[in-house]
Every structure is written in structure tokens, then in C-alpha cells.
Amino acid sequence: MSLTKKQYIMLFLLALIILIIALWQPHALIYGIQRGSLYALIALPLALVLGILGVLNLAHGEFLTVGLYLSYMLYERFNLDPLLSIIPVVIILSLIGAGIYLLTIKHVLKDGHLNQLLLTFGVSLILIEIINIIWTSRPRNVFTSYSYSSMSIGNFSFGTYEFLYFFMAIAVLILLQLFLKKTRLGQATFAVGQNPRGAKIVGINVSYVYLFVFTLAVAILGLVGAVMLPRTAIFPAVGSPFSLKSFALAAMAGLGNMNGILIAGIGLGIGEAVIKSIPGAGGWADIVFFGVLIAVIIARSYREGN
Amino acid sequence: MNKKAILIILTALAVVLPFFTGAYVLSIFISIFVFLSLSLSWDMMLRTGQLSFGTAGFFGIGAYASALAVANLGLNPILSIILGGLFSAIIAFALGFVVLRLREIYFAITTLALTHVFSVIIRNLSDITGGASGTILPNAIFNGDPKLIYWAILLITFMVIGISEMFKRTKIRFAINSIRNDETTAKSSGIDVFKYLLLVFVITSAIQGVIGAFYAQQFAFVNPESTFSLNFLLLPIAMALVGGIYTTSGPIIGALILGLISEYLKLLIPYGHLVVYGVIIVLVVLFLPEGIFKSVKKLFASKDNVGSDINAQS
């Protein structure tokens, strides 16, 4: 991967900002990297679906919620450790995702954006309400001994479990890129994303690729859900904010730019954490993502307009 | 003529309803009219081809403007409803210059993000707005008299229906329809696309603000969580879809059908009765893109035609 000069400058600026924050607010830096990696991890599958299928899945966050609840259910019923429940959760959620794709989303791929947005909106409502019916809206928690482990450097201590998000984000990013470049199915996926009609002409089974990509995206969310569970209090709307946040990252990075999502995620995560750490202004942190999302979309529209 | 008679009878029935029913039935119809007006306003924006997810946002802004004016400045509640509409209109006008440059998915997402931004701003300006716990007004509008509240929302609803019909009947509909069908053609035919979009955006936002203000005055309570609830976005959309989009009658019929069904389901399944809305949205998008009502009507119409053909032959 070669970087342009502009990207080098961006990276340099990012490193500089991180360094300043590290000296000024070390807690915010670490917390920001952890949260930001989580945001990126959740945004990657959304960007994948958006890039290949061209569908903005507004039920994205709800699939994460379902993953969290599945992991919670396995913990509660069979006392299965959330990290061990990754495999069953990924399998069950993939089946749910594939089922929902075949029943609904598949049929609006050729429709306009309006129908796609409304449909996924409807799907997200159904998922939330089914969770409401099964588990009610009471918040739930899982306690594991390792999730609150911490480390200290000098008299400065921080939680270590959430660094898992960072390593997972990098691992998922590398695996996805290897998959897209090296495997046959990955290359087919890439081709479909570039030009679905052309891909069809050269003999790629486009509808299979779509199904595969959607299922893969949901499977990643299952993985994230199981890993998130030990540190997250869950309730039916827990995943909903992630849909918009993920789209914010995808829009910031630009379509097809997977590395950009991780960088944008960590950048915004740190931004959020810094604002949270300012006494009295913590509540404004929520505005970071939405503000940046709106700013990016509008800036893009102006650039295209000119 | 027949159609006109039915409309007059229905209108008369709606006006005299409070004399025959109790507070419970009235409260159901009050909430149906609230969502009906929101649904119509959402549909009016959709007629220009723009999918807005900002309904709940402008609803909330109107609600807060009106509640705060009454609580802090002692404004008359009725005037505060007008103020709520004006405030939403001004915000929409200012934002419109930027937001209306966007299309499709970007317009939808930006309006949704704006709703969140509004709610975050209001939650954090706690000195004025009461923060996360919200503001409680000393008194509901009309001292909580259900009959007067009912007539007030009925009046507002009639006005909204009037505006919607105006958009359907006057010359402006040519501009709106052509923008929806093909923006480039509209532009090259000399239509000032932005001007019309801004007009519709401001008017629909004002309606949402008025409804929000009414809602705040009815319950004498605003809070970021419930006032900016996405229900004020989702339910109106479902209603318009059920009744059929791009019409005035669609959202009205959809609101009546869904409002009554959901009231019944609320008693049946206290948690998660909204699942019905999700199912309806999905089913309508997949199978009945013209709305339930229109599709059923078409079904009957084609049967009637067959019948009349046979009659004509015999």
C-alpha cells in the first residue's frame, strides 16, 4: 500500500495530536484508542455492506444488539464464558443475518435508496422489539473476573481488557484485506463491488457474493458482540447508536478505504474521550460523531458541487 | 358529489365526537391526530423526492421552544404553540441552505444526525432546558380539558390537511412532482429547485414544530429522551406507507388504521407492541409499494370493473 504525500501529512498530524494528548490527558488517550477501535471494528462490516451491496443498513447496530443478547443468553443458561461463546454466537447470528437478508434485503437491492432505508429501518425496529418482548427493557450485566483487569505504569493505571478491541480491529482489518486480495471469493467480491454487471458477465455469481458479504458482516458483529459483552451493560437499544456512528466513520474514510475507518475511528474516539474528560462538558461528547458526520457530508457535497 | 358528502359527514362526526365519548376515546384520537399530522408533513417532504428522517428533531425543537416560553417567560400556551412552529421554521430555514444541497441517503442521514444533535444540545444546556430530567410545566393547556384539547388538535389537523391539499392542487404541484421525477429536467425547465425544496422544508418543519409544541402543552412536560423519541419519526413513516405515499388521504387512512391497531395491541403486549410497526414497514416496502389501502382498493376496483363489463354485455 503506497501513501500519497497528503496522507503522510495527515498521519503526521494525527501522531502529533496523539502525542500532545498523551502528555496532557493520558487517560483520555488510552480510553479513546480503546473506544475508537471498537467503533472502527463495528464500522468495518457496515462499510463492507455499503461498499459491495450499496445498501446502508440501518439495522446494523441492532444486529450487534442481537449478538450481545445471544452471548448473554449463553452465559446465563449454560454459564458459557462470553469469550468462549464467540463461536456459537457467530454461527447463530450468521444464520439469522443470512435469513433476514434472503427474506428482505435481497428484494430491495435493485430498488431506490428510499426503499432500502425504510426496509432496514423496519428490520431494526423488529429486532429491537423482539428483544424487548423476550428480555424486556431491563439492563443486564455479565461479570467475568478478567474484564476488569488493569495495568499500571508508575502511579497511572488503566484497564487492559479493552485493548482487545484494538488488536481485534487490526486483525479483522488485515484478514479482510487479505481475503479481498488473495482469495478467489474475495477477488470476486471486490469485482462485484466495482461493477456488478461486469462481474455478472464474466461469470461471477453476484447474488451469492451479496449473500456472502452480508453474512460475513453480520458474523463480524457477532464476534464484536461476544467480546464487548463483559464490559457492556446491555439493553434493547444498546446497539442503535452504533449504526449512525459507523456510517459517520464510513463517510469520513470514504468508500472502500478500510484503513481510513480505523484511523477515523481512533481519531473520533480520542476526540470523544478528551471532551468527556473536561469537567462539566462531558455531556457534549456525544456531539463529536454527529457533528463530524454532518460536517463531512456537507463538505463532500460542496466539493462535488464545485 | 358522493365523495363530498362522505367527507362532510366524516368532518362533522370528527367535530362532534367529544359529545358522545369519554376522555379515554378522546385521548386515543388526540394521539392519532398528532401522528396523522406528522405523517402528512413527512409525506409532503417526500413528494419532493427527499426522504427526511428529521421529523422527530423539528417536533422536539417546537416542543422545547413552546414549553420553555411558557415556563420561563410566562407566555400564553396557545401563543406558545405558534411560537413552537415559528422556531422550528426558522431553524429549518437556516439549516435548509446547507442540508438541502444533499440528496437521497445523505439527506436522510444528515437529518437523522441533526435530530441527535438537537437532543444533545438541549440535554447539555441544562440551565435553560432542565437538562436530562426535562422541564415540567405548572399546568397543561386548557387545564387539561380533553374536549378543548381534542378540538385544538382537530383544528391543527384540518389546517395541515388543507396545506397538503394546497400542495396537491395549486400550481406548485407541477414543480414538486417534476423535482421528484427528474431534478435535471426540472432545473432545465426553469424551476428553481432549491427555492421549492426550501419552501416545503420550512413549511413541513413548521408543522412538526407546531405539533411538538401542542404535544408538550398537552402533557405539560418535555424531556430530551421522550421528546426526541424516534417514535415521532417511525410511526408517521409507517402510517404514510400503510395508507399510501404521495397523497393526502394515505397518511390519514394509515394513521387511523395503525393508531387504532396499536392502541389495542398496547393492551395485549405491553412490551414491544411496536414490533407491528416494523413488520408493517417491511411488508409494505416488500409487497405493497403503493400502500395497503391503495392496493386493496385496486383489487376491489378491478373486480368491480369485471362485474360492470359483464353487466354491459348482458
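Every residue gets a number counted from 1 within its own chain, in the order that chain's sequence is written. A letter from A marks each chain and a number from 1 marks each ligand, given out in the order of writing. With the structure being a predicted model, the display of local features is reserved for residues of pLDDT at least 70 and the display and counting of side-chain atom pairs for 80 or more, all residues being used for whole-chain, interface and lining totals. Note: side-chain values were computed over all heavy atoms of the structure, leaving out hydrogens and water.

Some points on the overall build of chain A
Here is step 1: Broken down by element type, chain A carries 12 helices and 2 strands.
Here is step 2: Labels follow the DSSP assignment, with helices taken as runs of H or I lasting at least four residues and strands as runs of E lasting at least two, numbered in each case from the N terminus. Helices (α) and strands (β) of chain A occur, in sequence order from the N terminus, as α-α-α-α-α-β-β-α-α-α-α-α-α-α.
Here is step 3: Its C-alpha atoms give chain A a radius of gyration of 20 Å, near enough to 19 Å, the size a compact globule of 306 residues would have.
Here is step 4: Counting only C-alpha atoms and orienting by the principal axes, one finds that chain A spans roughly 65 × 55 × 35 Å. The globule rule used here is 2.2 Å times the number of residues to the 0.38 power, and the radius of gyration it is set against is calculated over C-alpha atoms.

As for the confidence of the model for chain A
Here is step 1: Confidence per residue, as judged by the predictor, is encoded in pLDDT with a range of 0 to 100. With 97% of its residues at a pLDDT of at least 70, chain A reaches an overall mean of 84.
Here is step 2: Across chain A, helix α4 (residues 86–103) of chain A holds the top mean pLDDT of 92, while strand β2 (residues 156–159) of chain A sits lowest at 73.

Regarding unusual backbone geometry
Most peptide bonds take the trans configuration, and most residues that are not glycine carry a negative phi.
Here is step 1: The phi dihedral of Asn79(A) falls on the positive side, at around 55°, and the residue is not glycine.
Here is step 2: Take Asn79(A): it is sitting in the loop between α3 (60–78) and α4.
Here is step 3: Even without being a glycine, Tyr246(B) presents a positive backbone phi close to 70°.
Here is step 4: Structurally, the position occupied by Tyr246(B) is in the loop between α12 (231–243) and α13 (249–268).
Here is step 5: Using a 1.4 Å probe on the protein chains alone, a residue whose accessible area is under 20% of its type maximum counts as buried, one over 50% counts as exposed, and one in between counts as partly exposed. Judged by its relative accessible area of 27%, Tyr246(B) is partly exposed.

Points about the packing of aromatic side chains
Here is step 1: Each aromatic pair joins two rings of Phe, Tyr and Trp (for Trp, the six-membered one) with centres within 6.5 Å, and gets the label stacked for planes under 30 degrees apart, edge-to-face for over 60, and tilted for any other angle. Evaluation of the coordinates by the stated rule reveals 23 aromatic pairs over all chains.
Here is step 2: Both rings, one in Phe247(A) and one in Tyr106(B), keep their centres 6.3 Å apart while their planes meet at 45°; by these two values the pair is tilted. Here Tyr106(B) lies in helix α5 (residues 104–124) and Phe247(A) lies in helix α10 (residues 240–253), a pairing that spans two chains.
Here is step 3: Overall, Phe247(A) belongs to the buried group, its relative accessible area being 3%.
Here is step 4: When its relative accessible area of 40% is taken as the criterion, Tyr106(B) is described as partly exposed.
Here is step 5: With 5.1 Å between their ring centres and 90° between their planes, Phe93(B) and Phe97(B) make a pair best called edge-to-face.

Remarks on the pattern of salt bridges
Here is step 1: Here, a salt bridge means any Lys or Arg side-chain nitrogen found within 4 Å of an Asp or Glu carboxyl oxygen. Enumeration according to the criterion identifies 4 salt bridges over all chains in this entry.
Here is step 2: Linking Glu272(A) and Lys245(A) is a salt bridge whose minimum nitrogen-to-oxygen distance equals 3.4 Å. Taken together, the residues Glu272(A) in helix α11 (residues 258–277) and Lys245(A) in helix α10 connect sequence positions 27 residues apart.
Here is step 3: Looking at Glu272(A), the relative accessible area reads 3%, which means it is buried.
Here is step 4: Linking Asp286(A) and Arg123(B) is a salt bridge whose minimum nitrogen-to-oxygen distance equals 3.8 Å.

Digging into the packing of helix α4 (residues 77–99) of chain B against helix α10 (residues 193–219) of chain B
Residues and elements named next belong to chain B.
Here is step 1: For the pair α4 and α10, the least separation of the axes is 7 Å and the interaxial angle reads 145°. When you trace α4 past α10, the crossing you get is right-handed. Across the interface between the two elements, Pro77, Ser80, Ile81, Gly84, Gly85, Ser88, Ala89, Ala92, Phe93, Gly96 and Phe97 from α4 touch Phe194, Leu198, Phe201, Val202, Ser205, Ala206, Gly209, Val210, Ala213, Phe214 and Gln217 from α10.
Here is step 2: When residue character is reported, Ala, Val, Leu, Ile, Met, Phe, Trp, Tyr, Cys and Pro are called nonpolar, Asp, Glu, Lys and Arg charged, and the others, Gly included, polar. The class makeup of the residues in the contact of α4 with α10 is 14 nonpolar, 8 polar and no charged. Each axis is a line fitted through C-alpha atoms, and for a helix only the stretch in contact is used; angles between axes span 0 to 180 degrees, taken between their N-to-C directions. What makes a crossing left-handed is the near helix being turned counterclockwise from the far one by less than a right angle; a clockwise turn instead makes it right-handed. In what follows, residue pairs with any heavy atoms lying within 4.5 Å of each other are defined as contacts.

Let's talk about the nonpolar core
Here is step 1: One finds Leu53(A) and Phe53(B) to be the most contacted residues of the largest nonpolar core, which totals 199 residues.
Here is step 2: In terms of residues, this core owes the most to one element, helix α2 (residues 26–52) of chain A, which gives 16 residues.
Here is step 3: Residue contacts for Leu53(A): discarding those within four places in its chain leaves Leu48(A), Tyr101(A), Leu109(A), Tyr210(A), Val213(A) and Phe214(A). To qualify as a nonpolar core, a set must consist of buried Ala, Val, Leu, Ile, Met, Phe, Trp, Tyr and Cys residues joined through side-chain atoms within 4.5 Å.

Things to note about the interface of chain A and chain B
Here is step 1: With 39 residues of chain A at the interface, the matching set in chain B holds 40 residues.
Here is step 2: Accessible area, probed at 1.4 Å, shrinks when two parts are joined; the buried area is that loss added up over both. In this assembly, chain A packs against chain B so that about 3500 Å² is buried in total across both faces, 85% of it on carbon and sulfur atoms.
Here is step 3: Looking at the side of chain A facing chain B, the largest losses of area belong to Leu118(A), Phe121(A) and Leu125(A), adding up to 17% of the total buried there.
Here is step 4: Connecting chain A to chain B are 1 salt bridge.
Here is step 5: A 3.5 Å cut-off defines polar contacts: any pair of N or O atoms within that distance qualifies, except that in protein one atom must be a possible hydrogen donor and the other a possible acceptor, and neighbouring residues in sequence count only when both atoms are side-chain atoms. Taken together, chain A and chain B are joined by 0 residue pairs in polar contact (both at pLDDT 80 or more).
Here is step 6: Secondary-structure elements contributing two or more residues to the side of chain A that touches chain B are α5 (113–135), α10 and α12 (287–305) of chain A.
Here is step 7: Here the side of chain A that touches chain B gets 15 residues from one element, more than from any other, and that element is α5(A).

A word on a nonpolar patch on the surface
Residue and element names in this part refer to chain B.
Here is step 1: Any residue with relative accessible area above 30% and no salt bridge may belong to a patch, with like charges joined within 9 Å and the nonpolar Val, Leu, Ile, Met, Phe, Trp and Tyr side chains within 5 Å. All accessible-area figures derive from a Shrake-Rupley calculation using a 1.4 Å probe, and residue coverage is judged against the displayed protein chains alone. Judged by side-chain polarity, Ile6, Ile9, Leu10, Leu13, Val15, Val16, Phe19, Phe20 and Phe158 come together as a nonpolar surface patch covering roughly 880 Å² of accessible area.
Here is step 2: Looking at the nonpolar patch element by element, the count peaks at 6 residues for helix α1 (residues 2–16).
Here is step 3: Within the fold, Phe19 resides in the loop between α1 and α2 (23–46).
Here is step 4: Given the relative accessible area of 56%, Phe19 is considered exposed.

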